[in-house]
Structure formats: structure tokens, C-alpha cells
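Spelled out from the first residue to the last, the chains are:
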Amino acid sequence: MIGGSVWVADYGSGQVSTVQATISASGADFDGIAISGGAVWAGDLNNWLVDRISLASNSIAARVNVGGGPRHVLAVGGDLWVALFDDGAVVRLRPSAAR
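Residues numbered from 1 in each chain as written. Predicted model: local features only at pLDDT ≥ 70, side-chain atom pairs only at ≥ 80, totals over all residues. Heavy atoms only, no water.

## A closer look at the overall build of the protein
Turning to step 1, where the next piece is worked out: Broken down by element type, the protein carries zero helices and ten strands.
Turning to step 2, where the next piece is worked out: Each helix (α) and strand (β) of the protein, taken in turn from the N terminus, gives the series β-β-β-β-β-β-β-β-β-β.
Turning to step 3, where the next piece is worked out: When each of the 99 residues of the protein is scored for burial, the buried share is 44%.
Turning to step 4, where the next piece is worked out: Taking all contacts inside the protein whose residues are at least 6 apart in sequence as the whole, residues at least 24 apart take part in 28%.
Turning to step 5, where the next piece is worked out: About 5000 Å² of surface is accessible on the protein, with carbon and sulfur atoms providing 51% of the total. (Helix = DSSP H or I, 4+ residues; strand = E, 2+ residues; numbered from the N terminus. Buried < 20%, exposed > 50% of the residue type's maximum accessible area, 1.4 Å probe, protein only. Contact = heavy atoms within 4.5 Å. Areas by Shrake-Rupley, 256 points an atom, 1.4 Å probe, with all protein chains shown as cover.)

This is the structure in C-alpha cells:
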């Protein structure tokens, strides 16, 4: 929980939701979220992106192409670790670089 909200990734709908808001992206298939750097980060399996969702606006504020179908996203020590389903790899993102 962050900012008083619970965040949920809905694999089949292309949505990341809070109790108060739902963020949609056309063609997205979100699967895996993490909280880091004051934002929610969601892996978009179909478009090979990790999206930064602003807590202030409840909208996608940045999109990072990571390749390989990002499936699971984990925040550790200020970095994001993303498991790439299609590539069978793990990549590290630095949230401060995607603002």
C-alpha cells in the first residue's frame, strides 16, 4: 500500500488499478507492479514496456522499452528488477533515469 491506496495489476484487461482509480492503456497487458521513487511501475507484457504511473495524476507519466515481455517487477534498493518472459532474462532499471 502507498498513498493510502492498494494497487493491483489485472493481467487480462491491460489495467493497473487502485481502490480509487483505474489506469488503462490501449493494447496494454499489465502483469506485475512495484512501488519505487514515489510512483507505481507496471510491466506491459504485450508492448515490452515498463510504465511509470504518477500517484499525483493517476496516469502514465513515462514508458520505458525493456524488450522481451516484462512480466514481474520488483523494487530493491531504489532500482527496479524486471523479469522478461520472452527473453528469459532479468534487467535492472533505475527509476531516476525515467522521469
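Read on, since the account is not over.
## Observations concerning the pattern of salt bridges
Turning to step 1, where the next piece is worked out: Per the counting criterion, the structure on display carries four salt bridges.
Turning to step 2, where the next piece is worked out: Across the pair Arg-63 and Asp-51 runs a salt bridge whose closest N-O atoms are separated by 2.9 Å. Taken together, the residues Arg-63 in strand β7 (residues 59-65) and Asp-51 in strand β6 (residues 49-54) connect sequence positions twelve residues apart.
Turning to step 3, where the next piece is worked out: Arg-63 gets classed as partly exposed once you look at its relative accessible area, which sits at 44%.
Turning to step 4, where the next piece is worked out: Across the pair Asp-79 and Arg-92 runs a salt bridge, and its minimum N-O distance is 3.7 Å. In this pair, Asp-79 sits in strand β9 (residues 79-84) while Arg-92 sits in strand β10 (residues 89-93), placing the two residues 13 residues apart along the sequence.
Turning to step 5, where the next piece is worked out: Taking the relative accessible area as the measure of exposure, Asp-79 reaches 12% and is therefore buried.
Turning to step 6, where the next piece is worked out: In the salt-bridge network here, residues are joined through shared partners; they are Asp-44, Asp-51 and Arg-63. (Salt bridge = Lys/Arg side-chain N within 4 Å of Asp/Glu carboxyl O.)

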